[in-house]
Amino acid sequence: MARRKKQKAPLTWKLLGTGMAVPAGIAVRKLSDTAWYAVRGTQPPKNPAAPGVGWGEALAWAAVSGVAVAAGRLVAARGAAAAYQSLTGKLPPGLNEGSP
């Protein structure tokens, strides 16, 4: 079995990935906090593991924030890949055309 040489990611790809991830993370946090407040009428728990937070509230916040973070990462990654492809005409390193 032949070993593949690890490909070093270009600086453009690294900058685009970070440049998309940071604002996406901030937006996801604000949106999830706002959605929680709109539905529950209270601020989300700052520390779900704290003794004063009930299990139901802690699990609900874990589910909401987990889905929001995963969706935000997906949007940021796809946006960065599209921007990289638009700038360079190639797919970013590690992405294959039509891979499942």
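Residues numbered from 1 in each chain as written. Predicted model: local features only at pLDDT ≥ 70, side-chain atom pairs only at ≥ 80, totals over all residues. Heavy atoms only, no water.

Draft legend 1. Local environment of the overall build of the protein. A tally of regular secondary structure across the protein gives two helices and zero strands. Relative to all contacts within the protein whose residues are 6 or more apart in sequence, the contacts with residues 24 or more apart total 56%. (Helix = DSSP H or I, 4+ residues; strand = E, 2+ residues; numbered from the N terminus. Contact = heavy atoms within 4.5 Å.)

Draft legend 2. Summary view of helix 1 (residues 11–40). For helix 1, built from 30 residues, the straight-helix expectation of 44 Å at 1.5 Å per residue is met to within 8% by its first-to-last C-alpha distance of 43 Å. Listing the buried residues of helix 1 in full gives Trp13, Leu16, Ala24, Val28, Ser32, Asp33 and Trp36. Tucked inside the fold, the buried residues of helix 1 contact helix 2 (55–88). In the segment just after helix 1, Gly41 is the residue with positive phi, at about 80 degrees. (Expected span 1.5 Å × (residues − 1). Buried < 20%, exposed > 50% of the residue type's maximum accessible area, 1.4 Å probe, protein only.)

Draft legend 3. How the structure looks around the packing of aromatic side chains. Summed over the entire model, instances satisfying the criterion amount to two aromatic pairs. Summarising the aromatic geometry, the rings of Trp13 and Tyr84 are spaced 5.6 Å apart at their centres and angled 70 degrees between planes, so their arrangement reads as edge-to-face. In this pair, Trp13 is assigned in helix 1 and Tyr84 in helix 2, connecting sequence segments 71 residues apart. Ring geometry for Trp36 versus Trp61: centroids 5.3 Å apart, planes at 85 degrees, classification edge-to-face. Within this pair, whereas Trp36 is found in helix 1, its partner Trp61 is found in helix 2, the two being separated by 25 residues in sequence. On the basis of relative accessible area, Trp61 is assigned to the buried category, the value being 5%. (Phe/Tyr/Trp six-rings, centres within 6.5 Å; stacked < 30°, edge-to-face > 60°.)

Draft legend 4. Region of the structure containing the nonpolar core. Listed in full, the five residues of the largest apolar core are Trp13, Leu16, Ala80, Ala81 and Tyr84. Going through the elements one at a time, helix 1 and helix 2 are the ones with two or more residues in this core. Ranked by residue count, the leading element in this core is helix 2, at three residues. With sequence-adjacent residues up to four places away left out, Trp13 is seen in contact with Ala77, Ala80, Ala81, Tyr84, Pro92 and Pro93. (Core = buried A, V, L, I, M, F, W, Y, C linked by side-chain atoms within 4.5 Å.)

Draft legend 5. Local environment of the layout of surface pockets. The volume enclosed by the largest pocket comes to roughly 220 Å³. Around the largest pocket, the lining comprises 16 residues; the ones closest to its centre are Ala21, Gly25, Val69, Gly72 and Arg73. Listing elements by their share of the lining of the largest pocket, those giving two or more residues are helix 1 and helix 2. A per-class count over the lining of the largest pocket returns nine nonpolar, five polar and two charged. (1 Å grid on protein atoms, 1.4 Å probe; cavity = no way out; pocket = protein on both sides within 12 Å on 5 of 7 lines; lining within 4 Å. Points joined across faces, edges and corners; volume = space filled by probe spheres on them. Nonpolar A, V, L, I, M, F, W, Y, C, P; charged D, E, K, R; others polar.)

Draft legend 6. Spatial organisation of the packing of helix 1 against helix 2. It is at 8 Å that the axes of helix 1 and helix 2 come closest, and there the two elements cross at 150 degrees. In terms of their interaxial angle, helix 1 and helix 2 are classed as roughly antiparallel. In the packing of helix 1 onto helix 2, the handedness of the crossing is right-handed. Here the residues of the contact of helix 1 with helix 2 are counted per class, giving 19 nonpolar, five polar and four charged. (Axes fitted to C-alpha atoms, helices over the stretch in contact; angles between N-to-C directions. Parallel < 35°, antiparallel > 145°, perpendicular 65-115°, else oblique. Left-handed = near helix turned anticlockwise from the far one by under 90°.)

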